[in-house]
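Structure at a glance
This is what each chain is made of:
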Amino acid sequence: MNVSISDCLAIAFAAGFIFGIVYEIFRIIRLILQFKAAVFVCDMLFFIAAAFAVVELSENLGNYVRVYTILGFGAGVFAYITTIGRVLNLIESGLAVIWRKTLGKLIRKIGVSSRKIIGRIAYKLKSDFVKISENTELNGKKLFYNLHLKRGMVYNKNRLEKIGEGANKNVIKAVVKRGP
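These lines cover the structure that appears in this document, whether it is placed above or below.

1. Quick look at helix H2 (residues 36-62)
Between the first and last C-alpha of H2 there are 39 Å, a value that for 27 residues agrees with the 39 Å anticipated at 1.5 Å per step. Where H2 is concerned, the buried positions are Ala-38, Cys-42, Phe-46, Ala-50, Ala-53, Val-54, Leu-57, Ser-58, Leu-61 and Gly-62. For H2, the elements touching its buried residues are helix H1 (5-32) and helix H3 (67-82). Downstream of H2 by a residue or two, Asn-63 has a phi angle that is positive, lying close to 65°.

And the structure:
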């Protein structure tokens, strides 16, 4: 398809002006996610998409990339940003301020109150957990006895010493069997 230079420049300008809407979408994402990484990623995605759009437009207009296609596309994006983009930027900035003042404060208040509630619950449960921990340590120490092997029988030596060697009352005994 053979297109004149002025037609190519006009088509590229219109495509760039329309592509400004893509920039506006990325700008809204940047306003919502105010992280440096989000700004970097949005800018990179925009420039990659813009480069892809310029290459596709150039190939459709003449099978190779032309300088005036790039200039026309850039001029279209610049025209969008300086006209409609400015108005939309003012509106978006106002909405972002309203968002931060109303919904942002509400979300922060919910977060602060939930942290306070969780802190109170944890403080009240702390003493219970300490008691449980102390009881398990004491019970663990009471249950710990050294077991000894004697003629294939295992018995609790400390318990035998307490009740006497002759008595078998309350003594843990088990036959030791070795596995295959």
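2. With respect to H3
Between its first and last C-alpha atoms H3 spans 22 Å; for 16 residues at 1.5 Å apiece the expected length is 22 Å, and the two agree. What H3 keeps buried is the set Thr-69, Gly-72, Phe-73, Gly-76, Val-77, Ala-79 and Tyr-80. Seen from one end, H3 has its buried residues packed into an arc of 160°, which puts them on one side. Residues of H3 that are exposed and point over 90 degrees away from its buried face: Val-67, Leu-71 and Phe-78.

3. Description of the nonpolar core
Listed in full, the ten residues of the largest apolar core are Phe-19, Tyr-23, Phe-26, Cys-42, Phe-46, Ala-50, Ala-53, Val-54, Phe-73 and Val-77. Those elements that provide at least two residues to this core are H1, H2 and H3. The element contributing the most residues to this core is H2, with five residues. Once residues within four sequence positions are removed from consideration, Val-54 is found in contact with Ile-70 and Phe-73. Counting five residues, the second-largest nonpolar core is a separate cluster that includes Val-3, Ala-12, Leu-57 and Leu-61.

About the criteria used
- Residues numbered from 1 in each chain as written.
- Predicted model: local features only at pLDDT ≥ 70, side-chain atom pairs only at ≥ 80, totals over all residues.
- Heavy atoms only, no water.
- Helix = DSSP H or I, 4+ residues; strand = E, 2+ residues; numbered from the N terminus.
- Expected span 1.5 Å × (residues − 1).
- Buried < 20%, exposed > 50% of the residue type's maximum accessible area, 1.4 Å probe, protein only.
- Contact = heavy atoms within 4.5 Å.
- Arc of directions from axis to C-beta.
- Core = buried A, V, L, I, M, F, W, Y, C linked by side-chain atoms within 4.5 Å.

From the geometry alone we can't say anything about function, so treat these as descriptive.
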